[in-house]
Every structure is written in C-alpha cells, then in structure tokens.
Amino acid sequence: MKKILAVLMTFVIVATCGVALADAPKIGITIYQFADNFMTLYREELVRYLTEDCGIPAENITVMDGKNDQAEQSNQIDGFIADNVDVMILNLVQSSSAASVIQKADAAGIPVVFINREPSAEDMALNGNFCYVGADARQSGTMQGNIVLSLDNKGDYNGNGVVDYVMIMGDPENVDAQYRTEFSVKALTDAGLQVKELFKQRGDWDQTKGQELAATALTQFGSDVDVIFCNNDAMALGAYQAIADAGRTVGEDIALLGVDALAECVEMVKEGKMTGTVLNDHNGQSHAAADAALKAAAGETLEKYYWVDYVMVTK
Ligand code: GAL
C-alpha cells in the first residue's frame, strides 16, 4: 500500500509540476519579512502550490520569517544547510548577502532559488546550482510612466508645462526600488515631457511610512504636486490617505500610482481613487519558483534567470 502511495505521489508530482522525484524533497524557505503585504500573498501561494498542486507533504516544507534582519535570516539559512534540505527558496533581507549564501550552499551541494530581491549580476555569475525567479523591475517602472502618459493631461494637472512629481521609494537596497524609481520617470522624459522631482524619500514598502511621506510632501509642495509615484501599492494605500486628508482628488488634481495590484488597490483603480497600478504576478512568480526548486531538487541544472511579466492595471 505504501509503495502504491509512493508511486501515486510521484505520479502527482510528475503530472503537475513537471519533474519526477522518488521522494518528496525537503524545502527550506525564508521570506525577508512576513509583515509585507505583497510577500504575504506570494508566500501563501508558494506553499499552497507546493502542497496542493505539486503534492509535497506540508511537513517537508519549512517557512521562516527573516524579520527584516539579515543576521537572523543568515542563521535560518545555516539551519537549513545543517538540516541538509534538498533545496532552498530564499527571499533575502539584503540581496548583497547573496554571494556568501551561494558559496555556502554550493559547498553543501544544496541548490538555491532566489526570489523577489534580485542579486547583483556579479553574484549571479558565481558558481553553483542557483537561479533568480522574478519580474524585471524596469518593466514595472516603465508601465507606471506609461499610465501617466495615457492621461489626457499627461500628468500635468496644474498646467505649468511640467510633470511635478513626488517619489516614494521602497528599500533602496532592492533593485525593485531603484529601477521603479528610475524607469517611471524615464518613460516620461523619453516621451519628451518636462519633469521635476519635488520630493523623493524611502518608505521601505510600508503603508504607514507611505502616508507620512506623502503628507509631508503635500504639506510642503501643495498644489505644485501633480503625480505621486509609489514603488509599491502598500505605500500608495498610505499616500491615498494623505491625499484625501489634504483635500485633493485623484483624477481631478493629482495622479497616484503603485505597483503590485493588491486586491484593494485594483478596487481603488476601478473607483478612480488610484490612477493605476502594475500587477506584480505573485501567482506566476511563486509557481515558477516552486517549479525551479523541484527541478533542482531532482538534480537538474537551473537556468540563471526565470522571468515573469508585469501587467499594467488601469480603469
Ligand atoms: C516588491 C513588491 C513590494 C515588496 C518588495 C519586497 O517586488 O512590489 O511590495 O513586497 O518586493 O522586496
């Protein structure tokens, strides 16, 4: 009976996640911090997919909270290595720690799937069976800019001939924050628009910080502000509150952009409370990460990169 079950289990894995595994692998996962809206959706779908769709028993999967503390997360990774897991799926607190992780994992013969925070090209060129699964943050920035370009006034609400913007950034150590900041504005300047940066500060992907920063910017610059770009939706949710508190109206005298397409933000886009957002496909990314992890656990050599597209979300 046990044997039949094992065969069946292998069949389920083969049938749904594309690899043949005699035994279900042990998988170590750590997420940079559980208290992140987007990474919560990602983590929940990752575990659901691995267990329900790929047939990996829940007890084979360990998911840890990096608590936004690299030292703590490095201990978790050392623990996975000591436990001899078959593969690790890692959302690093600091992408700059990738090199040391790659070396340790390679020495232990454990493959790694990095997710969400892209390691540098230099680290990606190191030896070892590892990959990055993610979305190209340049694309999301460009889409934010294109949404502004699609407006009748091209984002110039106060009619002074310049798009005056506020930029609320994620953690700048993360390329998602760097590229979204750069490419949202680049889309505007590439289209020949005049732009002016009124305010730029880090809100670390956090809703409360997004609200505080937007409130500060609106107090300081008042009706000069045409557009508030937020590197993610959590901060845009906060910025929306500040916009409402300042008596401003999205779509009438200001534009508000986010990234992620959190359900509440998609709703706000529909209602006109946000100008637009960009779908950061946590389903596609978590499935690609799980598929890569299972392949690597089955002994396959990984490609270096697996990309998932962003999608523009407007009314
Ligand atoms: C981004 C996402 C943010 C935040 C960040 C964490 O891709 O848009 O909301 O989750 O990852 O690294």
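Above this text sits the structure in question.
Residues numbered from 1 in each chain as written. Predicted model: local features only at pLDDT ≥ 70, side-chain atom pairs only at ≥ 80, totals over all residues. Heavy atoms only, no water.

Chemist: What should I look at first to understand the overall build of the protein in this one?
Modeler: When its secondary structure is counted, the protein shows 11 helices and 12 strands. The C-alpha atoms of the protein give a radius of gyration of 21 Å, which matches the 20 Å a tight globule of 315 residues would have. Once local pairs closer than 6 in sequence are excluded, the contacts in the protein between residues at least 24 apart make up 73%. As presented, the protein carries roughly 13300 Å² of accessible surface, and 50% of it is formed by carbon and sulfur atoms. Computed over 22 positive and 45 negative side-chain charges, the separation of the two mean positions in the protein equals 2 Å. (Helix = DSSP H or I, 4+ residues; strand = E, 2+ residues; numbered from the N terminus. Rg over C-alpha atoms; globule rule 2.2 N^0.38 Å. Contact = heavy atoms within 4.5 Å. Areas by Shrake-Rupley, 256 points an atom, 1.4 Å probe, with all protein chains shown as cover. Lys, Arg positive; Asp, Glu negative; His and termini not counted. Charge placed at Lys NZ, Arg CZ, Asp CG, Glu CD.)

Chemist: Explain the environment of Ala107 to me, please; I cannot follow it from the model alone.
Modeler: Mapped onto the elements, Ala107 comes out in helix α4 (residues 98-108). When the C-alpha atoms of Ala107 and Asn60 are compared, they prove to be 22 Å apart, with 47 residues separating the residues in sequence.

Chemist: Honestly, the pattern of salt bridges in this entry has me stumped. Any pointers?
Modeler: Oppositely charged side chains may form a pair once their charged atoms are brought near each other. This model, assessed by the stated rule, comprises 14 salt bridges. The salt bridge partner of Asp204 is Lys209, with a shortest N-O separation of 3.0 Å. Since its relative accessible area comes to 34%, Lys209 is described here as partly exposed. For Lys270, the salt bridge goes to Glu267, with nearest N and O atoms at 3.6 Å. Pair noted here: Lys270 and Glu267 are both in helix α10 (residues 263-271), with a separation of 3 residues, about one helical turn. Taking the relative accessible area as the measure of exposure, Glu267 reaches 37% and is therefore partly exposed. (Salt bridge = Lys/Arg side-chain N within 4 Å of Asp/Glu carboxyl O. Buried < 20%, exposed > 50% of the residue type's maximum accessible area, 1.4 Å probe, protein only.)

Chemist: Got a minute to help me understand the pairing of strand β8 (residues 227-230) in this structure?
Modeler: Moving residue by residue along a regular strand, the side chains alternate between the two faces of the sheet. Every second residue of β8 is oriented toward a common face, with Val227 and Phe229 on one face and Ile228 and Cys230 on the other, all of them buried. Sheet topology note: the strand β6 (residues 163-169)/β8 ladder contains 4 bridges and is parallel. Considered in β8, the bridge of Tyr165 is made with Val227. When β8 meets strand β9 (residues 255-257), the two strands line up parallel, connected through 3 bridges. Note on β9: the bridge partner recorded for Val227 is Ala255. Handedness of the crossover is the feature at issue here: the chain leaves β8, passes through helix α9 (residues 233-245), returns alongside β9, and the resulting connection is right-handed. (Pairing = 2+ DSSP bridges. Right-handed = clockwise from strand over helix to strand, strands pointing away.)

Chemist: Even after reading the chapter, I still don't get the site of the ligand, so can you show me in this structure?
Modeler: Not every one of the 13 residues close to the ligand is listed here, only the nearest: Asn116, Arg117, Asp176, Arg180 and Asp260. Between the ligand and the protein, one listed contact pairs an oxygen atom with a side-chain N or O atom of Asp36 at 2.8 Å. Between the ligand and Asn116, the relevant distance is 2.6 Å, taken from an oxygen atom to a side-chain nitrogen or oxygen of the residue. Protein coverage of the free-state accessible area of the ligand, which is 310 Å², stands at 99%. Here the ligand is seated within the largest cavity. Taken together, the elements giving at least two residues each to the shell around the ligand come down to α2 (37-53) and α7 (175-190). Looking at side-chain class alone, the shell around the ligand contains 4 nonpolar, 4 polar and 5 charged residues. (Near = heavy atom within 4 Å. Polar contact = N/O pair within 3.5 Å; in protein donor to acceptor, adjacent residues only side chain to side chain. 1 Å grid on protein atoms, 1.4 Å probe; cavity = no way out; pocket = protein on both sides within 12 Å on 5 of 7 lines; lining within 4 Å. Sits in = over half its atoms within 2 Å of the grid points. Nonpolar A, V, L, I, M, F, W, Y, C, P; charged D, E, K, R; others polar.)

Without other data, these values stay purely geometric and don't point to any function.
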